[in-house]
Amino acid sequence: MIADPIKIEYILKTKFKNFPKGVFYRERFRELLGDGIFNSDDDKWKEQRRIATSEMHTSRFVIEKQVNSSRDHTIDLQELLLRFTFDNVCVAAFGVDPGCLGLDLPDIPFAKAFEDATEYSLFRFLVPAFIWKTMRLFNVSKEKKLKNAVQIVHEFAETTVKNRKADLNKPGKLDRDPCDLLSRLIKMQENQLSKNSTQNFTDKFLKDFCISFILAGRDTSSVALVWFFWLVHEHPNVEAKILHEITAILSQRETKDGLNDVVFQAEELDKMVYLQAALSESLRLYPSVPIDFKQAKEDDVFPDGMKIPKGHRVLYHVYAMGRLKSIWGEDSSEFKPERWFKDGEYASENQFRYVVFNAGPRLCVGKKFAYTQMKMVAASILLRYKVKVVKGQVITPKVTTTLYMKHGLSVTFEPRQLVGK
Ligand code: HEM
């Protein structure tokens, strides 16, 4: 297990490979999306962000309805946010809203199967391979459940791919030019085929690509937000600064909407640098992916002379790195968004010291999308409510591949009167 930026830079700059092979279409993600759809400032990306933010805003209303219907009751914020990001990433991937955030918080078979599949496949990392392989051979226990869950996920994805292809071929069927990942891949393929390119995405490829994307973007932003809301509750001075920033940005608008009608525009979210710093700071202390690992493609030697034989896995401890005094200084355990500013300007940290989104050629493809999504939710809720954490609950991380709160986060929402005039 390492926590050294120099070694991490060495690992992530191509020497090591991702493990396990085939979980994500990593190379293809880079090639097809990398700096295009999700990360550039071109018009397509702006349009994607415009649609994504208005969809997030719609979800904000649903969250608000939940809040109203549970007034005077506590609500598990983590569960609500997990449902929100699942719906949201499915819209981004497939253009389909599974409806997990419905008012009665319904059980959606596809979402449940997705969750089960993730949990049961984690088992394969925890036991020697011969154990789970034997269970798979006899189709028993966790392997049997995994098989069933995977089947539900695949059936849903297959139907979605088929329907989307059919809709794209029927003029007038879709009310706007769709921006979701699946539609873009299908269109990209059609354009290339018309140029006699050899590029050909099978339905299986399209399906697996979208499933991998949902897997990567599903819980990461929601758990980040739940730790953020808890830290903000514990630091009223930070909350006051965030509110000050949001209201200052709103006051620059030419037309003044009533508070309830405010929908943040992507450009306004870009200006929320203190909020961005507070989110980055929260992720430093509670990274959504707390431990990551890569595997040596061949016998290798680290810059300090340490030998790594072919096939060996190197784990790096993102959680520990976020708290190292050697990187962050004596106050490394404190929640201080101010540390992200240099000469009054927001300054990103060196990627290999802050590996929360991975780094270099493996930097998270959804990073910008995630910040837009998190800022939209945080600003929309904080503007309207004080999120009050119920006293006496135990706040502790759950040790798994994603840093959930073990017991969720019970909160109440107190409507604000003060802002937005
Ligand atoms: C706070 C939110 C997020 C965090 C902390 C985060 C973190 C990460 C990390 C650490 C990796 C590298 C995993 C590895 O290679 O070992 C990664 C990869 C990836 N992430 Fe994110 N992520 C977030 C949100 C998202 C969202 C919202 C999406 C999609 C909409 C997304 C899409 C991806 C994809 C496609 C990859 C694979 C990229 C590649 O391997 O080249 N992420 N993310």
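The shown structure was predicted, so the numbers you read here are calculated from the model rather than taken from an experiment.

A. Expanded view of the overall build of the protein chain. Assigned secondary structure in the protein chain consists of 16 helices and 10 strands. Counting across all 421 residues of the protein chain, residues that qualify as buried make up 35%. Partitioning the contacts of the protein chain with sequence separation of at least 6, the portion at a separation of at least 24 is 73%.

B. Representation of unusual backbone geometry in the model. Even without being a glycine, Ser141 presents a positive backbone phi close to 50 degrees. When you line up the elements, Ser141 lands in helix α7 (residues 141-169). A tally of 13 C-beta atoms within 10 Å means that Ser141 is categorised as partly exposed. With a phi angle near 50 degrees, Asp343 is a residue other than glycine that sits in the positive phi range. The topology assignment puts Asp343 in the loop between β7 (341-342) and β8 (345-346).

C. Representation of the sheet that holds strand β2 (residues 75-76). With antiparallel pairing, the three strands of this open sheet are ordered in space as β2-β10-β9. A single partner strand is all that each edge strand has here, and the edge strands are β2 and β9 (385-389). Alignment of β9 against strand β10 (residues 410-415), held across five bridges, turns out to be antiparallel. Paired with Val387 across the two strands is Phe413, which belongs to β10.

D. How the structure looks around the nonpolar core. Counting residues in hydrophobic clusters, the biggest one holds 93 residues, and the most contacted among them are Ala93, Cys210 and Val226. Among the elements that make up this core, the one with the highest residue count is helix α4 (residues 77-94) (12 residues). Not counting chain neighbours up to four residues away, the residues in contact with Val226 comprise Leu77, Gln78, Leu81, Met405 and Leu409.

E. Here's a closer look at the environment of Thr400. By the secondary structure assignment, Thr400 is in the loop between β9 and β10. C-alpha separation for the pair Thr400 and Glu345, spaced 55 residues apart in sequence, amounts to 35 Å.

F. Main features of the site of the ligand. Taken together, 25 residues sit near the ligand, with Ala216, Gly217, Thr220, Cys364 and Gly366 positioned nearest. Those elements giving two or more residues to the shell around the ligand turn out to be α2 (26-32), α4, α9 (203-217), α10 (220-234) and α16 (367-384). Along the lines of polarity and charge, the residues of the shell around the ligand split into 14 nonpolar, seven polar and four charged.

G. The packing of α7 against α9, seen in detail. The geometry of α7 relative to α9 is characterised by a closest axis approach of 9 Å and an angle of 120 degrees between their N-to-C directions. Seen from above, α7 lies across α9 with right-handed handedness. Touching Val153, His154, Ala157, Glu158 and Val161 of α7 are Asp203, Leu206, Lys207, Cys210 and Ile211, all from α9. Among the residues making up the contact of α7 with α9, the classes are represented as six nonpolar, one polar and three charged.

The rules behind each value
One numbering rule holds for all chains: residues counted from 1, following each sequence as written. Under the rules for a predicted model, residues below a pLDDT of 70 receive no local features and side-chain atom pairs below 80 are neither given nor counted, while totals for whole chains, interfaces and linings still include all residues. The helix and strand labels rest on DSSP assignments: H or I over at least four residues marks a helix, E over at least two residues marks a strand, and numbering proceeds from the N terminus. Working definition of burial: number of other C-beta atoms within 10 Å of the residue's own, with buried at 20 or more, exposed at 12 or fewer, and partly exposed in between, all C-beta atoms being placed from the backbone. Any residue pair is listed as a contact if its two C-beta atoms, each placed from the backbone, are within 7 Å. For two strands to be treated as a pair, DSSP must find no fewer than two bridges joining them. What we call a nonpolar core is a set of buried Ala, Val, Leu, Ile, Met, Phe, Trp, Tyr and Cys residues whose membership is set by joining through C-beta atoms within 7 Å. Any residue whose C-beta atom, as placed from the backbone, lies within 6 Å of a molecule or strand is termed near it. Three classes are used: nonpolar for Ala, Val, Leu, Ile, Met, Phe, Trp, Tyr, Cys and Pro, charged for Asp, Glu, Lys and Arg, and polar for all others, with Gly counted as polar. Lines fitted to the C-alpha atoms define the axes, with helices restricted to the stretch that makes contact. Angles between their N-to-C directions range from 0 to 180 degrees. Working rule for handedness: look at the near helix, and if it is turned counterclockwise from the far one by less than a right angle, call the crossing left-handed; if clockwise, right-handed.

The values are spatial; any link to function lies outside them.
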